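Spelled out, the chains give:
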Amino acid sequence: MTSVPSLPRPQASFSFEPPVLQLPERNREAWTLDASALSYPDYHDLNAWNAFRDASVHLALRHLPEHFAEALDEFFSPVGIPALMFENLPVDPELPPNPSDGLRPRNKQAVSEAVICGIVGMHGEILSYLNEKFGAPIQEVAPIRGMERIQSNAGRVQFGFHSDNAFLPRRFRQKGILLYGLRNQDAATLVLTAGQIMEAAPPDLAASLAKPIFRHACPASFSLPGTPALSAPCSILWRDELGLARVSAASSSIEPLTPGAAEALDRFRTLLMSLEPARVVVQPGTALLFKDDRVLHGRDSFAGSRWLQRAYFTDSLDPLRKATRSDPQAFAFDAGALLCA
Ligand SMILES: [Fe+2]
């Protein structure tokens, strides 16, 4: 174990809380009523999926107040805020028991999915990977029987700070994640911004983390048999061409390529433990949106009931469709093919 130099304690000014917007009650009621009339399609039928998405966007445009749309404009702009929360959004009036197999209950209404598709579809595209949860565009995040002790979306144990799918080339990775609360007693999602980490990192550590001397491994939730699922050498913490701090760190493991990288990785992990993240319990009807390489996210351990839904999103699916020679309407892609593209 490399010795860790003393690190500065974070200042209060480093903390970040996502802005929160509360949907008025009358909007929630009217949106719930309209969304209850939609049926969730078989997402393998791309025409049916697109029709559902279009109807969902139509409802979101009708029911989201102007200032919500402005907040979404701000969030989706290239220099926009790294995270955003909406509260009091519609939830299915008759919600089935939490799924313990990771799959969407067949008898679930489509209210939450309509809201997720509507919010994302106003600016971007939902994206999934065929190797995870069968390529479902909206995924169930609830403890899976027998997997409670695994550090993944199926577990109950603490899940350290990470980015999703850091092993994939950046151009093929989701730009952001939406988490939507259906039931959640006590499980906090942790959000730590790249800006907070950059501010607190000593200059020599920041310089090491910006070098392409790390490789990210494939997460536990993916099935990629026979593929050496490691990223190309890449940075962990860097500033982009706009000067914005960005961060990328796999949940499973990160392979340092040099002794200096190993030392920097140790110091990076120690630094993360010293910082104060935003702690958000994504309650029923709450949508938490964040940009995947502007924050790291994690989860506290939890004991109570928890059922969230998750959607990955990006600006355009064209590069993924082209790289995988997929259907021009496809939204689910083979991560193995993307690794080789
Ligand atoms: Fe994650």
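Since this is a predicted model, take the numbers as computed values, not measurements.

1. As for the overall build of the protein
Here comes step 1: A count of helices and strands for the protein gives 9 helices and 16 strands.
Here comes step 2: Scaling as 2.2 N^0.38, a compact globule of 341 residues should have a C-alpha radius of gyration of about 20 Å, and the protein matches this with 20 Å.
Here comes step 3: Burial analysis of the protein (341 residues in total) assigns 45% to the buried set.
Here comes step 4: If you take every contact in the protein between residues at least 6 apart in sequence, the share linking residues at least 24 apart comes to 82%.

2. Re helix 7 (residues 259-274)
Here comes step 1: Across its 16 residues, helix 7 extends 23 Å between first and last C-alpha, which sits within 8% of the 22 Å expected from 1.5 Å per residue.
Here comes step 2: Along helix 7, the residues that are buried comprise A261, A264, L265, R267, F268, L271 and L272.
Here comes step 3: Against strand 5 (159-162), strand 7 (188-193), helix 5 (194-200), helix 6 (203-209), strand 8 (214-216) and strand 11 (254-256) lie the buried residues of helix 7.

3. A short note on the pairing of strand 3 (residues 125-129)
Here comes step 1: By the criterion of burial, strand 3 is predominantly enclosed, with 4 of the 5 residues buried.
Here comes step 2: Pairing of strand 3 with strand 15 (residues 306-314) involves 3 bridges; the strand directions are antiparallel. Paired with L127 across the two strands is Y312, which belongs to strand 15.
Here comes step 3: Note that strand 3 and strand 16 (residues 332-333) share 2 bridges and pair parallel. In the strand pairing of strand 16, Y129 is matched with F333.

4. Concerning the pairing of strand 13 (residues 287-291)
Here comes step 1: Of all the 5 residues making up strand 13, 5 are buried; the element is thus mostly covered by neighbouring parts of the structure.
Here comes step 2: Across the two faces of strand 13 the burial is the same, with A287, L289 and K291 and L288 and F290 all buried.
Here comes step 3: As paired strands, strand 2 (residues 83-87) and strand 13 are joined by 4 bridges and run antiparallel to one another. Looking across to strand 13, one finds that M85 is bridged to L288.
Here comes step 4: Pairing of strand 6 (residues 176-184) with strand 13 involves 5 bridges; the strand directions are antiparallel. Paired with L179 across the bridge in strand 13 is L288.

5. Quick look at the sheet that holds strand 12 (residues 278-281)
Here comes step 1: As summarised here, the arrangement of the 4 strands in space is 5-14-7-12, forming an open sheet in which the pairing is antiparallel. Among the strands making up the open sheet, the edge pair consists of strand 5 and strand 12. Each strand of the sheet is rotated relative to its neighbour by a mean of 20°, with strand direction disregarded.
Here comes step 2: As defined by bridge partners, strand 5 adjoins strand 14 (residues 295-299) across 2 bridges and the pair is classed as antiparallel. When the sheet's bridge partners are listed, F159 is paired in strand 14 with R299.

6. Topic: helix 4 (residues 111-121)
Here comes step 1: Counting buried residues in helix 4 gives 11 out of 11 residues, a clear majority hidden from the surface.
Here comes step 2: Elements that come into contact with the buried residues of helix 4 comprise helix 1 (25-36), helix 2 (46-63), strand 3, strand 6, strand 13 and strand 15.

7. Thoughts on the confidence of the model for the protein
Here comes step 1: With 94% of its residues at a pLDDT of 70 or more, the protein shows a mean pLDDT of 91.
Here comes step 2: Low pLDDT, under 50, characterises residues 1-13; the stretch is placed with 16 contacts to residues that sit more than four places away or in other chains.

8. Remarks on the nonpolar core
Here comes step 1: The biggest cluster of nonpolar side chains holds 92 residues, and the ones touching the most others in it are I116, L178, A287 and L288.
Here comes step 2: For this core, the leading source of residues is helix 4, giving 7 residues.
Here comes step 3: Contact partners of L178, with chain neighbours within four places excluded, come to I116, I119, V120, A287, L289, R310, A311 and F313.

Conventions adopted
Residues numbered from 1 in each chain as written. Predicted model: local features only at pLDDT ≥ 70, side-chain atom pairs only at ≥ 80, totals over all residues. Helix = DSSP H or I, 4+ residues; strand = E, 2+ residues; numbered from the N terminus. Rg over C-alpha atoms; globule rule 2.2 N^0.38 Å. Buried ≥ 20, exposed ≤ 12 C-beta atoms within 10 Å, placed from the backbone. Contact = placed C-beta atoms within 7 Å. Expected span 1.5 Å × (residues − 1). Pairing = 2+ DSSP bridges. Axes fitted to C-alpha atoms, helices over the stretch in contact; angles between N-to-C directions. pLDDT = per-residue confidence, 0-100. Core = buried A, V, L, I, M, F, W, Y, C linked by C-beta atoms within 7 Å.

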